[in-house]
Amino acid sequence: MSLAATAKPVAPPLAASTCVRFAGLVLALAGFVVVFGPPRRLAQRLGWRLGERIPVLFQRLLCAGLGVTVRQHGELVAEGSRLIVANHVSWLDIPVMGALAPMSFLAKKEIGEHPLGRELVAMQGVVYVDRGRRRCIPGVNARMAETMRAGSPVLLFAEATTGDGNRLMRFRSSHFEAIRLAAMSGNESPALIQPVYLHYSRLGGLPMARFVRPRVAWYGDMTFMPHFYRFAGGGGATCDVYCGEPIRVTPDMHRKTAARLTEAAVRRLAAEARAVRPSGILAGPESA
């Protein structure tokens, strides 16, 4: 076998214009954090809602700099205790969802251990979870419920990991207990689950076929920088965000029931998204 046949493919170098654009993006984001970060953090400590849209502007700036177009289908619920549940495809999911409305994220504790990551997610709003310590889950759920009762929806990626974008994995039910706790608070506002399906539909301006989805999907043993490099050379992407009808949660609803209802709703949204696939794309069948 020849060396040429065994050599790994090498990504082409980024165009000079792309490098300049990303350098400008880094400077713009850094300036944004320096100017708006401290007031936002102060408002959070004092319990003020002042500046709650600052993270939305930050994520929109990030999406624009990365060349990501976000198209929203349906409405996000704006009132009550809200748990937003979405499928998980890529590191891009965070800026895509954060660009839609103010919300907090459930994030792995490792993110908070890095100074830059800690600052960015703190400005957004975050509840940390240690995936390796299941006994911490009740405390995490309590903090999620408190955050939702205070008016900030919490985003949960219920698959608990990223996938290849071709199918949905089983939703884990552990953190659905948080919305049941919010429903038990005695507050008159409803406790709702908002099902969401993220569908990356175009890459570089062209409809995204199945075999090119790893340019966007980040899963398995992929490392961040090589994946980011490949995505950056792809000319940007379009993500269609499908928002389903909210599911009302009552104090007597079991977390596993809530998880199964939400998973079924997201699968219906996935079928809706695939039904509008542009013609002329040759791709294998997709299973949900």
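Let us look at the structure shown here. Only a predicted model underlies this, so the values are computations on that prediction, with no experimental measurement involved.

Further remarks concern the overall build of the chain. Check the secondary structure of the chain and you find ten helices and nine strands. Counting all 288 residues of the chain, 46% fall into the buried class. Long-range contacts, defined as pairs at least 24 residues apart, comprise 76% of the intrachain contacts of the chain with a sequence gap of at least 6.

Another aspect to go through is the pattern of salt bridges. Between side chains of opposite charge, pairing is possible as soon as their charged atoms come close. Evaluation of the coordinates by the stated rule reveals five salt bridges. A salt bridge links Asp 240 to Arg 71; the nearest nitrogen and oxygen atoms lie 2.8 Å apart. Placement of Asp 240 in strand S8 (residues 237-243) and of Arg 71 in strand S1 (residues 68-73) is noted, with a sequence separation of 169 residues between them. A relative accessible area of 3% places Asp 240 in the buried class. What you see here is one network of salt bridges that share partners, running through Arg 170, Arg 260, Glu 263 and Arg 267.

Looking now at helix H7 (residues 137-149). Given a rise of 1.5 Å per residue, 13 residues ought to cover 18 Å, and the 18 Å separating the end C-alpha atoms of H7 matches this to within 8%. When H7 is considered as a whole, its buried residues turn out to be Ile 137, Val 140, Asn 141, Met 144, Ala 145, Thr 147 and Met 148. One face of H7 carries all of its buried residues, which in axial projection span an arc of 160 degrees. Exposed residues pointing more than 90 degrees away from the buried face of H7 are listed as Pro 138 and Glu 146. Along its buried surface, H7 packs onto strand S2 (81-86), strand S3 (104-108), strand S4 (126-129), strand S5 (154-157) and helix H8 (177-183). Positive phi appears at Gly 151, one or two residues downstream of H7, with a value of about 110 degrees.

What counts, and at which threshold
- Residues numbered from 1 in each chain as written.
- Predicted model: local features only at pLDDT ≥ 70, side-chain atom pairs only at ≥ 80, totals over all residues.
- Heavy atoms only, no water.
- Helix = DSSP H or I, 4+ residues; strand = E, 2+ residues; numbered from the N terminus.
- Buried < 20%, exposed > 50% of the residue type's maximum accessible area, 1.4 Å probe, protein only.
- Contact = heavy atoms within 4.5 Å.
- Salt bridge = Lys/Arg side-chain N within 4 Å of Asp/Glu carboxyl O.
- Expected span 1.5 Å × (residues − 1).
- Arc of directions from axis to C-beta.

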